[in-house]
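Here are the chains, one letter per residue:
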Amino acid sequence: MDVQLLVALVPLVDRVEERDGVGGVDEDRDAELGGGLPERREARVVGQDQLATVVTMMVLGSIAYAALGLEVPVAFVLATPVAFGLGWAWPGLFNLSVVREYPEAPGAATGITQTGTYLGAGLGPLLVGIVVDRWSFAVAWPVSAALLVAGAVLMLVGRRAV
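Residues numbered from 1 in each chain as written. Predicted model: local features only at pLDDT ≥ 70, side-chain atom pairs only at ≥ 80, totals over all residues. Heavy atoms only, no water.

What exactly am I supposed to notice about the overall build of the protein here?
When helices and strands are counted, the protein shows eight helices and zero strands. When the elements of the protein are put in sequence order from the N terminus, they spell out α-α-α-α-α-α-α-α. Within the protein, buried positions represent 23% of all 162 residues. Total accessible area on the protein is roughly 10300 Å²; 69% of this is exposed by carbon and sulfur atoms. (Helix = DSSP H or I, 4+ residues; strand = E, 2+ residues; numbered from the N terminus. Buried < 20%, exposed > 50% of the residue type's maximum accessible area, 1.4 Å probe, protein only. Areas by Shrake-Rupley, 256 points an atom, 1.4 Å probe, with all protein chains shown as cover.)

Sorry if this is basic, but what is going on with the environment of alanine 138 here?
With respect to the secondary-structure elements, alanine 138 resides in helix α8 (residues 137–161). For alanine 138, a relative accessible area of 27% gives the class partly exposed. Residues alanine 138 and glutamate 71 lie 67 residues apart in sequence; the distance between their C-alpha atoms is 6.5 Å. Sequence-distant contacts of alanine 138, defined by excluding residues within four places in its chain, comprise Gly69 and Glu71. (Contact = heavy atoms within 4.5 Å.)

Would you explain the packing of aromatic side chains in this entry?
Geometrically, a pair of aromatic rings is defined through the distance of the ring centres and the angle of the planes. Tallied over the entire structure, the rule returns two aromatic pairs. Each ring, one from tryptophan 90 and one from phenylalanine 94, has its centre 6.1 Å from the other, and the planes form 65°; the classification is edge-to-face. Taken together, the positions of tryptophan 90 and phenylalanine 94, both in helix α6 (residues 90–101) and four residues apart, correspond to about one turn of that helix. Exposure class is identical for tryptophan 90 and phenylalanine 94. Each is buried. (Phe/Tyr/Trp six-rings, centres within 6.5 Å; stacked < 30°, edge-to-face > 60°.)

Would you mind going over helix α4 (residues 50–68) with me for this structure?
The α-helix advances 3.6 residues per turn, and as a result positions three or four apart in sequence lie on the same side. With 19 residues, α4 ought to run about 27 Å at 1.5 Å a step, and its terminal C-alpha atoms sit 27 Å apart, in line with that. Inspection of α4 places Gln50, Leu51, Val54, Val55, Met57, Met58, Gly61, Ser62, Ala64, Tyr65 and Leu68 among the buried residues, and these make up the whole buried set. Regarding α4, its N-cap is aspartate 49, as a side-chain oxygen of that residue lies 3.2 Å from the backbone nitrogen of leucine 51 further along. (Expected span 1.5 Å × (residues − 1). Polar contact = N/O pair within 3.5 Å; in protein donor to acceptor, adjacent residues only side chain to side chain.)

Please clarify how a nonpolar patch on the surface should be interpreted in this entry.
A contiguous nonpolar surface patch, about 510 Å² in accessible area, is contributed by Val59, Leu60, Ile63, Val82, Val149, Val153 and Val157. Elements represented by at least two residues in the nonpolar patch include exactly α4 and α8. Among the secondary structure elements, valine 157 is positioned in helix α8. (Patch = residues over 30% accessible without salt bridge, like charges linked within 9 Å, V, L, I, M, F, W, Y side chains within 5 Å. Salt bridge = Lys/Arg side-chain N within 4 Å of Asp/Glu carboxyl O.)

Which parts of the structure should I look at to understand the confidence of the model for the protein?
Detailed reading of the predicted coordinates is not advisable wherever pLDDT is low. Averaged over all residues, the pLDDT of the protein equals 76, while 69% of them reach at least 70. Highest mean pLDDT in the protein belongs to α4 (92); lowest belongs to helix α1 (residues 2–20) (42). The model gives residues 1–17 a pLDDT under 50, and that stretch makes 16 contacts with residues more than four places away or in other chains. In this model, residues 39–47 is a region of pLDDT below 50 whose contacts with residues beyond four sequence positions or in other chains number six contacts. (pLDDT = per-residue confidence, 0-100.)

Honestly, the packing of α4 against helix α5 (residues 73–85) in this entry has me stumped. Any pointers?
Helix packing geometry: the angle between the two helix axes and the distance between the axes. Where α4 meets α5, the axes come as close as 8 Å, and the angle between the chain directions of the two elements is 150°. The pairing of α4 with α5 is recorded here as roughly antiparallel in orientation. Pair α4 / α5 crosses with left-handed handedness. Each of Met57, Leu60, Gly61, Ala64, Tyr65, Ala67 and Leu68 in α4 lies in contact with α5, whose residues at this interface are Ala75, Phe76, Ala79, Thr80, Val82, Ala83 and Gly85. Of the residues that constitute the contact of α4 with α5, the class distribution is eleven nonpolar, three polar and no charged. (Axes fitted to C-alpha atoms, helices over the stretch in contact; angles between N-to-C directions. Parallel < 35°, antiparallel > 145°, perpendicular 65-115°, else oblique. Left-handed = near helix turned anticlockwise from the far one by under 90°. Nonpolar A, V, L, I, M, F, W, Y, C, P; charged D, E, K, R; others polar.)

Shown next, in the form of structure tokens:
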């Protein structure tokens, strides 16, 4: 059931991308509004800690991942946008926070952090596939939630260590 829901979302995303351009972003409308969301948000909230926002996104996304493990149709409808919107949207803001933290060497800093991000992006689906194969999606979603929380904790620990 959960795979069917995800597959049903693909045509919707395709329609949004066709309407708004690649990646669902209408660049003309974005320029009229004054740039990207992080820049506009920063103008309203000066000095906001982006990494704290990233960690919050990851924790809220993990709650949605765990809700997907309930295998209840209403949970799929309510948790899917949160899981994808917060659970998968944090890397861009994370890169912004790293660049702002290390403006003297943004390439080196994001190169190091993206190594971890892409290791997780590459190994995560393999691990989830093994868990689903051995147990079920009802187990795989909470495992994914726990790994997302572990990543958030490691971000906070790594920040304090630097």
